[in-house]
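Results of the structural survey
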Amino acid sequence: QLMQDVAVESQYVSRRQPRTFKQDTRLARWVLSAMIAGVIVGSVAIYQKLGFAKEVYFTQQLMDQSASQAEVAEFLAYRVQRYDRAEDWYYLANDQVMAQEFNQAVLSYREALARLDASSADAVNVQVELAQTLFYSQNNRVTSAMIAAVEAALSLQPKNAKALGLKGIIEFDAGRYQNAVLAWQQAILNGNDRAERMDLLSAIAAARKQGGITEQMIPS
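The rules we used
- Residues numbered from 1 in each chain as written.
- Predicted model: local features only at pLDDT ≥ 70, side-chain atom pairs only at ≥ 80, totals over all residues.
- Heavy atoms only, no water.
- Helix = DSSP H or I, 4+ residues; strand = E, 2+ residues; numbered from the N terminus.
- Buried < 20%, exposed > 50% of the residue type's maximum accessible area, 1.4 Å probe, protein only.
- Contact = heavy atoms within 4.5 Å.
- Polar contact = N/O pair within 3.5 Å; in protein donor to acceptor, adjacent residues only side chain to side chain.
- Patch = residues over 30% accessible without salt bridge, like charges linked within 9 Å, V, L, I, M, F, W, Y side chains within 5 Å.
- Areas by Shrake-Rupley, 256 points an atom, 1.4 Å probe, with all protein chains shown as cover.
- Salt bridge = Lys/Arg side-chain N within 4 Å of Asp/Glu carboxyl O.
- Core = buried A, V, L, I, M, F, W, Y, C linked by side-chain atoms within 4.5 Å.
- Phe/Tyr/Trp six-rings, centres within 6.5 Å; stacked < 30°, edge-to-face > 60°.
- Lys NZ or Arg CZ within 6 Å of the ring centre and 35° of its normal.
- Axes fitted to C-alpha atoms, helices over the stretch in contact; angles between N-to-C directions.
- Parallel < 35°, antiparallel > 145°, perpendicular 65-115°, else oblique.
- Left-handed = near helix turned anticlockwise from the far one by under 90°.
- Nonpolar A, V, L, I, M, F, W, Y, C, P; charged D, E, K, R; others polar.
- Expected span 1.5 Å × (residues − 1).

Across its full length, the protein holds 10 helices and 0 strands. In sequence order, the secondary structure elements of the protein are arranged as α-α-α-α-α-α-α-α-α-α. Put simply, the protein has 220 residues, and 29% of those count as buried. Looking at the protein alone, contacts between residues at least 24 apart form 42% of all its contacts between residues at least 6 apart.

Below is the structure:
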């Protein structure tokens, strides 16, 4: 009797299962298709908004050497907005200097400094770049802001060649020609850029002539 009951139940289930299974499968397919479409659309949207689509596109432009100056500037501004790191502000500032947007570059260098530890070597370099950009922003004139930036750099790294070069400019502008010569000599001793060395030697010659400084007063 048990065997007969099992056979009847098996037939009953067999008759009902195919129709239910097909209906369930059709519904499952619709649900699964909708889920897949949602995942794909959502993934693309998230990738565009939060992912690395711009980085990938810009890297491809660099490889193709097809990125324009405007596209470089746009990408650097995007990096600043997205990551807000010291290095992103620094790269943006450098690009602004190259575009001769000195006032904007000053602000960007200051943003980079605000995100760096004051004792790091990077902070010194950014401080020097800031001082130089302050000089450029005022049509190559010495200002109190530039002097403060140079002093801050030298307090962190007294033998920084670029900072010493800027200090020489400050001293020359103030008419302290001997101090200018000494600062530029120190810049030469601590630097390793041949082109900068030649410029500093020319500046020293000009300071000697302007201040009547002889070799006996300050040896070469």
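Examined against the element boundaries, Gln-185 turns out to sit in helix H9 (residues 177-190). Assessed through its relative accessible area of 17%, Gln-185 is described here as buried. A polar contact of 3.0 Å, which involves the side chain of Gln-185, links it to the backbone oxygen of Pro-219.

Residues Leu-27, Val-31 and Met-35 make up a contiguous nonpolar surface patch of about 300 Å² in total accessible area. As for its position among the elements, Met-35 is in helix H1 (residues 2-50).

What follows deals with the nonpolar core. Core analysis: the largest hydrophobic core is formed by 37 residues, its most contacted members being Met-146, Val-150 and Trp-184. Mapped by element, the contributors of at least two residues to this core are helix H3 (69-83), helix H4 (86-98), helix H5 (102-114), helix H6 (121-137), helix H7 (144-156), helix H8 (161-173), H9 and helix H10 (194-211). Residues in contact with Met-146, not counting those within four places in the same chain, are Ala-131, Leu-134, Phe-135, Leu-166, Ile-169 and Ile-170.

Here we take up the packing of aromatic side chains. One pass over the full model with this rule turns up 7 aromatic pairs. Ring plane angle 40° and centroid distance 6.0 Å describe the contact between Phe-75 and Tyr-78, whose orientation is recorded as tilted. Of this pair, Phe-75 and Tyr-78 both sit in helix H3, separated by 3 residues, roughly a single helical turn. Pair check on accessibility: Phe-75 and Tyr-78 agree, each one buried. Among the aromatic residues, those joined into a cluster by ring pairs are Tyr-90, Tyr-91 and Tyr-109. Geometry around Tyr-83 places Arg-85 over its ring, the cationic atom sitting 4.6 Å from the centre.

We now examine the packing of H8 against H10. Look at H8 against H10: their axes get within 12 Å of each other, and the N-to-C directions meet at 20°. On the basis of the axis angle, H8 is roughly parallel to H10. As for how H8 packs across H10, the hand of that crossing is left-handed. Only Glu-196, Leu-200, Ala-206, Ala-207 and Gln-210 of H10 make contact with H8, whose side of the interface consists of Lys-162, Gly-165 and Phe-172. Residues belonging to the contact of H8 with H10 are distributed by class as follows: 4 nonpolar, 2 polar and 2 charged.

Take the pattern of salt bridges next. If you walk through the whole model with that rule in mind, you get 7 salt bridges. Across the pair Asp-88 and Arg-85 runs a salt bridge, and its minimum N-O distance is 2.8 Å. Residue classification places Asp-88 among the buried residues on the basis of a relative accessible area of 3%. In this structure, the salt-bridge partner of Glu-129 is Lys-162, at a minimum N-O distance of 3.2 Å.

With 13 residues, H8 extends 19 Å between its outermost C-alpha atoms, agreeing within 8% with the 18 Å of an ideal straight helix rising 1.5 Å per residue. Among the residues of H8, Ala-161, Ala-163, Leu-164, Gly-165, Leu-166, Gly-168, Ile-170 and Glu-171 are the ones counted as buried. Where H8 is buried, its residues contact H6, H7, H9 and H10. For H8, the capping residue at the N-terminal end is Asn-160, with a side-chain oxygen 3.2 Å from the backbone nitrogen of Lys-162. Phi turns positive one or two residues past the end of H8, at Gly-175, with a value near 80°.

So, about the environment of Leu-164. Its location among the elements puts Leu-164 in helix H8. Sequence separation of Leu-164 and Ala-187 is 23 residues, and the distance between their C-alpha atoms is 5.2 Å. With near-sequence residues (within four places) excluded, Leu-164 lies in contact with Leu-154, Pro-158, Lys-159, Ala-183, Trp-184, Gln-186, Ala-187 and Asn-190.

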